[in-house]
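An overview of the molecular structure
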Amino acid sequence: MSQTYIDQLKGHIGESVTLKGWLYNKRSSGKLVFLQLRDGTGIVQCVVFKPNNEELFETANSLGQESSIIVTGTVKEDTRSSIGVELDVTGLEVLQNVHDYPITPKEHGTEFLMDHRHLWIRSKKQHAVLKVRHTVIKAVRDYFDNNGFTLADTPIFTPAACEGTTTLFEVDYFDDEKAYLTQSGQLYNEATAAAFGKSYAFGPTFRAEKSKTRRHLTEFWMVEPEVAYASYEDMMDLGEGLILSIVERVLSDRQEELKTLERDISKLEAISGPFPRLHYDDAVKMLQEGYDSSTNLSLLDKRFEWGGDFGAPDETYLSNQFGKPVFVHHFPTAIKGFYFEVDKDRPECALGIDLLAPEGYGEIIGGGERAASLDYLIEQLKAHDLPQETFEWYLDLRRYGSVPHAGFGMGIERTVAWMCGIEHVRETIPFPRMLYRLRP
Ligand code: 4AD
Ligand code: MG
């Protein structure tokens, strides 16, 4: 039996087709049963009229939510339907009639839904979020592929920290050796950038962070470009182009999903370049002024001092001043990773960049220019208490053809949460891993 997908139905008006899927919802009134059939590409209303076929009517009427069914019928134009068509059912094959599906159209608590994540992803809203995720990832890959980057993925088992030892997941490797799940592919990207000029890695990243916030997962996906002969300023250009192309793609390909999510798309339509680029010094001034003149102390509840790292309220305050993503650069060297290049005239400032998303979504890009000097890096490893022997291969990159270079990492889940306008990153990945969630 051949199969037609719901998103193709508009091209089959007047024809008889077979759809294979699951019962999303059902409504009956007297002589009519309306089956909402979903097949992963959409939902279509299938109408069964009792006088046409009594047996078919009884079967349809007996079906419970998420029953697996194969439906044959005639495609009819229907202007009231959001997809423009409905189906007049002529045949129905029931693979499994389900009567105790745990997720009903009534309200369930988040914990219950998260425990049933394997089923929850069938619901309209979750389905829409994951479709947006797919499009974000596609846009990301196309952006780098079309701009001369080579995909060179980096290992997940690593012997050392990149972003600080406090957030490492340790695993037993062979012969009593310890390995760590990667926190970032960056150090390896620096090697591939010296081989390819422009490279990127895209994969899962792990942080043993005990943060229980709406922005943190313990396993998340990060795309990380790295470019030889590039500065931190080049990374702001690259990051801006990346974000603009993601927003454009989501708006062009995911209108239906954004509607399902009730996303205020005017907020996304308003995103245009250039993004403001704020020196850390000026960001600090804005935060201090915001505090001093604030009548609402709940947002900025303490005066920000130079040298500090931004908390979520600081990031939200800063990005709210612009209504579009804003770059902050020149962070204090002391709060940054060991590998950052510093401003020659002000060594207390590292050439790091962060991109803060609007609407309170916080930092979605972090990166910057890497230190090119061998001696400086050796000093930095000592200062950060990192074992030089583990990093010898990395230091080779400074021994053999060291050049100025830069890169960044963009978190997929935070970006998807922003596109969708949803509260928490846990809904932006099929099976989230968080401080208190390892299941299902
Ligand atoms: O700022 P981060 O830690 O940067 C790095 O790892 C660099 N080594 C990347 C590089 O330069 N190649 O992380 C980059 C981005 C953040 O801006 C954020 O979007 C995301 O990764 N991210 C997280 N997303 C979800 N949950 C977490 N716990 C995250 N930690 C970082
Ligand atoms: Mg960061």
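Now for a look at the structure at hand. (Residues numbered from 1 in each chain as written. Chains lettered and ligands numbered in written order. Predicted model: local features only at pLDDT ≥ 70, side-chain atom pairs only at ≥ 80, totals over all residues. Heavy atoms only, no water.)

Description of the site of ligand 1
Rules: Nearness is judged by heavy atoms alone; a residue qualifies as near a molecule or strand once a single heavy atom is within 4 Å of it. Within 3.5 Å is the distance limit for a polar contact, defined as a pair of N or O atoms, with the added protein rule that one can donate a hydrogen and the other accept it, and that residues adjacent in sequence qualify only through two side-chain atoms. In these tables, accessible area is a Shrake-Rupley quantity obtained with a 1.4 Å probe, and a residue counts as shielded only by the protein chains included in the view. In this description a helix means any DSSP run of H or I spanning at least four residues, a strand means any run of E spanning at least two, and both kinds are numbered starting from the N terminus.
As a matter of local geometry, ligand 1 sits amid 23 residues, with E163, Q186, R207, E224 and E363 nearest to it. A distance of 2.9 Å is found between a nitrogen atom of ligand 1 and a backbone nitrogen or oxygen belonging to L217. Relative to its unbound accessible area of 630 Å², ligand 1 is 94% covered by the protein chains. Put simply, the parts of the chain that give the shell around ligand 1 at least two residues each are β11 (219–228), β16 (362–370) and β17 (405–411).

Concerning the sheet that holds strand β2 (residues 32–38)
Sheet strands pair via backbone hydrogen bonds, and the direction of the pair is either parallel or antiparallel. To keep things clear, this is the line we draw: For two strands to pair, DSSP has to find at least two bridges joining them. Interaxial angle, 0 to 180 degrees, is taken between N-to-C directions of lines fitted to C-alpha atoms, where a helix line uses only the stretch in contact. For this analysis, residues touch if any pair of their heavy atoms sits within 4.5 Å.
Ordered by their spatial adjacency, five strands build a closed barrel running β1-β2-β3-β5-β4, and the pairing between neighbours is mixed. Here the average twist between neighbouring strands, direction ignored, is 55°. As paired strands, strand β4 (residues 68–77) and strand β5 (residues 85–96) are joined by 10 bridges and run antiparallel to one another. Within β5, the residue paired with T72 across the bridge is G91. Together, β1 (16–29), β2, β3 (43–49) and β5 form the strand contacts of helix α1 (residues 54–62), whose direction differs from that of β5 by roughly 75°.

Quick notes on the environment of E240
Condition: Throughout this description, buried means an accessible area under 20% of the type-specific maximum (1.4 Å probe, protein chains only), exposed means over 50%, and partly exposed covers the range between.
Tracing the sequence through the fold places E240 in helix α6 (residues 232–253). Using a relative accessible area of 12% as the deciding quantity, one classes E240 as buried. A sequence separation of 32 residues divides E240 from S272, and the C-alpha atoms of the two residues are 9.2 Å apart. In this view, E240 contacts G273, P274, F275, R277 and F327; residues no more than four positions away in its chain are not counted.

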